[in-house]
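Given next are the chains, with one letter for each unit.
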Amino acid sequence: MTDDSPRPAPPAPRADRQPSAADPGTGRAPADLLRRLRARTTTDPVTHVERVPARAGTTAPWPAWAPAELRAAFARRGVTAPWRHQAEAAELAYAGRHVVVATGTASGKSLAYQLPALATLLADPRATVLYLAPTKALAADQLRAVAALELEDVRPACYDGDTPRAEREWIRRHSRFVLTNPDMLHHGILPGHAQWSGFLRRLTHVVVDECHTYRGVFGSHVAHVLRRLRRQCAKYGRPSRPGLPAGPTFVLASATSGDPATTAGRLTGLPVTAVTEDSSPRGGVTFALWEPPLLPAAAEDQAADLAPVRRSALRETADLLADTVAEGVRTLAFVRSRKGAEVVAASARRGLDEAVPGLGERVAAYRAGYLREERRELERALLRGDLLGLASTNALELGVDLVGLDAVLICGWPGTRASLWQQAGRAGRSGGEALAVLVARDDPLDTYLVHHPEALFGRPVEATVLDPANPYVLAPQLACAAAEAPLTPADLELFGEGAKEAVESLVEAGALRQRPTGWYWRHRERPEVDLRGSDGAPVCVVEASTGRLLGTVDGGSSHFLVHSGAVYLHQGVSYVVDSLDLADGCALVHAEEPDWSTHARDVISLSVASVRSYTDAGPVGLFLGEVDVTSQVVSYQRRRIASGEVIDTRPLDLPTRELRTVAVWFTVSPESLARAGVQTADIPGALHAAEHAAIGLLPLMATCDRWDIGGLSTAIHPDTEAPTVFVYDGHPGGAGFAERAYRTAAAWLRATRDAIAECGCETGCPSCVQSPKCGNGNNPLSKPDALKVLDVVLANLPPAEADPLPADDPTVPALPQQGDRSGDVPAGDVRSGG
């Protein structure tokens, strides 16, 4: 296996060893497995071990209304009585109360909604149920679970983009338990509501599974899709059962999260009761924080005084995956990106084949973008035990019942504590002991977390952030609703805050026509709205020599992942992109195994459009407002896989992209910087370093990912006339992350300052101020001066949440009008997002 740090080869597995959920690998506890993994490294990489104790479960009697047939079906599946939280949620849902059950991974949330939904189907032969999952894999898993109960006349079926057209008509007419996803509800069911009128008229329950994943722009879109669903149900008018409210009952399932009732209410637009006390049994978890070692510096690097570099988290995870598979331990490795999942799987396979030829076949990658048949076969192979190791994106984070897993490797902080525990909970799902390892990436947040375990353990899980009032979400969703049926004043109340203004803007733009009976969609074609904000239609990746479709890449990522010359990985096979045709949505590739990887670079300019709030802190100003961001991928680097050495930088000719979004930014007076010892020539590097670290630490405060946000810093910005650092949401109209940063600015920037100060490097490294996505190649950067900048900011910002000044307050600095700007930020001052 190509490597950048020597490690012993994984041991050959014993032929008689069988993985065991309660006794991973060698028949010893997870702590023993962890000790053996640590012993294979030259320096101990573990910074902390947390022991999560086992917990006994508490059952409750079956509800009196649960039919004997249903209880018997669950008993055949090994469920003799529900856990207390399952029974509590089921009672509420059966009584017509909207409910969210927010408990831990593998706590049996499925039964909490299956019990009332299936009991209703058995009691009312005309009733129907709609189940929504964020991923196709989860819907397919739930279909297997419901079908396995073998209940008469339920006829469960998946209705998604993979469903053959020949089956769709049968499902509309005959299925009483339809499993789908928000995208299909948005693109297929609601636009064709007339064909679904019988199903919607009889709809009694809507299940929204893994609802904590509906955050940011995606969550805001889904909130309005659910309101559109409620609107169509009201139109077709399901007759109310005695004593129950009109319309279907919503049952939501969530991982443990902060304030689930409020979040579920914002998602559905309805009052929701939360069930949060987890009464299920849980096996013990040994949770290790693992920091890859520093690589030995080459002589030329020492002479150049270059920052030390850690072994990559991808390579460390690949080696750990190979080691655990060689031990006979069923392991799932979560990797942040599709490309990363492919790299980890390929590296682990190579390492295993070097130890035992053929053993690498028991490791595979799993990610979105695979064809349906490939995904289903991988799921079956894992369930059968044909695969011992799987490197997956978060596509397998949710709900899929992966029995018998003994260990989980998490390659890099997954973005939220909710996701961390959701991924860790994939192991030990049969109630046995399990091992979870968080492998830190070489970036500020991961480094901070592995050295501050108190930030992970014993802390409440974050609240999910979504903003249905976002005008860039609300207006397109109202257009979709109007295309389904004319909007009425009552509908505007359903869609909530900002709906009236959004309708007026659509009328002004010529999209809607106002009549005495309501607002009508004016066009023959339906509005094109992407729920996931992927910025354009998917791009097909096609092998040029054969015409074979390898997979797809969303439009928003295509400039970075499949530009001309990019290396694209699919099922461990490497391809190089020959050409990218954005108009046709097609990237042509050829198979090749280069010894280099590719890394796209972009440049960004930003202008301030308006200010929402402002905190005056003397020499420091803290702002929240709308900004216009222009970005362009301009080049890519080729880097040696083994060493990371930059071979060359090649230009690209791709179109610019424009984004109106929400940003938080702070300004610092040049005089205060001078008093702090920051020389004028060092201001750009100081701000740039502070920006990178601040972006890296923001996910600690908000339910966002580093790649959901961007940033820019400049010594003098034309709109602020001061040294400025911007951090902005990477979605049109914002996603709520900048608002969260503004409200928690003191705590956020304090954690940023601590992460930089506690890093052991002298001049800056990926663990503190360097960024993997910097368009300027991490130059200039000044770690010492970044600390001085943050010290000035923290010394002047109020420690508690500030009372914002209104945007029209005369003390808020005036901004130039749109036509008055003399130009974009000077090229030398452009700073790409961290």
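Only a predicted model underlies this, so the values are computations on that prediction, with no experimental measurement involved. (Residues numbered from 1 in each chain as written. Predicted model: local features only at pLDDT ≥ 70, side-chain atom pairs only at ≥ 80, totals over all residues. Heavy atoms only, no water.)

1. Quick notes on the nonpolar core
For the record, the criterion: We call a set of buried Ala, Val, Leu, Ile, Met, Phe, Trp, Tyr and Cys residues a nonpolar core when their side-chain atoms join them within 4.5 Å. We call a residue buried when its accessible area falls under 20% of the maximum for its residue type, exposed when it is over 50%, and partly exposed in between, using a 1.4 Å probe and counting protein chains only. Think of it this way: any DSSP run of H or I at least four residues long counts as a helix, any run of E at least two long counts as a strand, and we number them from the N terminus. Note on contacts: a residue pair qualifies if any of its non-hydrogen atoms lie within 4.5 Å across the two residues.
Of all hydrophobic cores here, the largest spans 118 residues; its most connected members are Phe 287, Leu 321, Leu 700, Trp 748 and Leu 749. No other element matches the 9 residues that helix 23 (residues 683-697) contributes to this core. Aside from chain neighbours lying at most four places away, what touches Leu 321 is Thr 331, Ala 333, Val 344, Ala 348, Val 363, Gly 389, Leu 390, Ala 391 and Leu 409.

2. Concerning the environment of Pro 82
Structurally, Pro 82 is set in the loop between helix 3 (68-76) and helix 4 (84-94). Taking the C-alpha atoms as reference points, Pro 82 and Trp 62, separated by 20 residues in sequence, lie 6.6 Å from one another. If we ignore the near neighbours within four places in the chain, the residues touching Pro 82 are Thr 59, Ala 60, Pro 61, Trp 62, Ala 87 and Leu 111.

3. Notes on unusual backbone geometry
A positive phi is found at Glu 150, a non-glycine position, where the angle reads about 55 degrees. By relative accessible area, Glu 150 is classed as exposed at 63%. A positive phi angle, near 55 degrees, is found at Glu 721, a position not held by glycine. Locating Glu 721 in the fold gives a position in the loop between strand 26 (709-714) and strand 27 (724-729).

4. Observations regarding the packing of helix 13 (residues 313-326) against helix 14 (residues 338-355)
Counted only if it meets this: Lines fitted to C-alpha atoms define the axes here, with helix axes fitted over just the stretch in contact, and angles between the N-to-C directions of these axes take values from 0 to 180 degrees. Reported orientations rely on four angle classes, namely roughly parallel under 35 degrees, roughly antiparallel over 145, roughly perpendicular from 65 to 115, and oblique for the rest. A crossing counts as left-handed when the near helix is turned anticlockwise from the far one by less than a right angle, and as right-handed when that turn is clockwise. Residues were grouped as follows: Ala, Val, Leu, Ile, Met, Phe, Trp, Tyr, Cys and Pro as nonpolar; Asp, Glu, Lys and Arg as charged; and all remaining residues, including Gly, as polar.
Across the interface, helix 13 lies against helix 14 with an axial gap of 8 Å and an inter-helix angle of 45 degrees. Taken together, the axes of helix 13 and helix 14 are oblique relative to one another. By crossing handedness, the relation of helix 13 to helix 14 is classed as right-handed. Residue-level inspection shows Leu 314, Thr 317, Ala 318, Leu 321, Ala 322, Val 325 and Ala 326 of helix 13 in contact with helix 14, the latter providing Gly 340, Val 343, Val 344, Ser 347, Ala 348 and Leu 352. Grouping the amino acids of the contact of helix 13 with helix 14 by side-chain chemistry returns 10 nonpolar, 3 polar and no charged.

5. A look at the environment of Ala 751
Residue position: Ala 751 is located in helix 25 (residues 745-758). In this structure, the C-alpha to C-alpha distance between Ala 751 and Tyr 448, residues 303 residues apart in sequence, is 8.3 Å. Residues contacting Ala 751, with those up to four places away along its chain left out, are Tyr 448, Leu 697, Leu 700 and Met 701.

6. Examining the confidence of the model for the protein
Note: predicted coordinates in regions of low pLDDT should not be interpreted at a detailed level. In plain terms, the rule: Think of pLDDT as the predictor's per-residue confidence, scored from 0 to 100.
Per-residue pLDDT for the protein averages 85, and the proportion of residues at 70 or more is 86%. Counted against residues more than four places away or in other chains, residues 1-8, with its pLDDT under 50, gives 29 contacts. Across residues 11-28 the pLDDT falls below 50, and counting only partners more than four positions away or on other chains, this stretch makes 35 contacts in the model.

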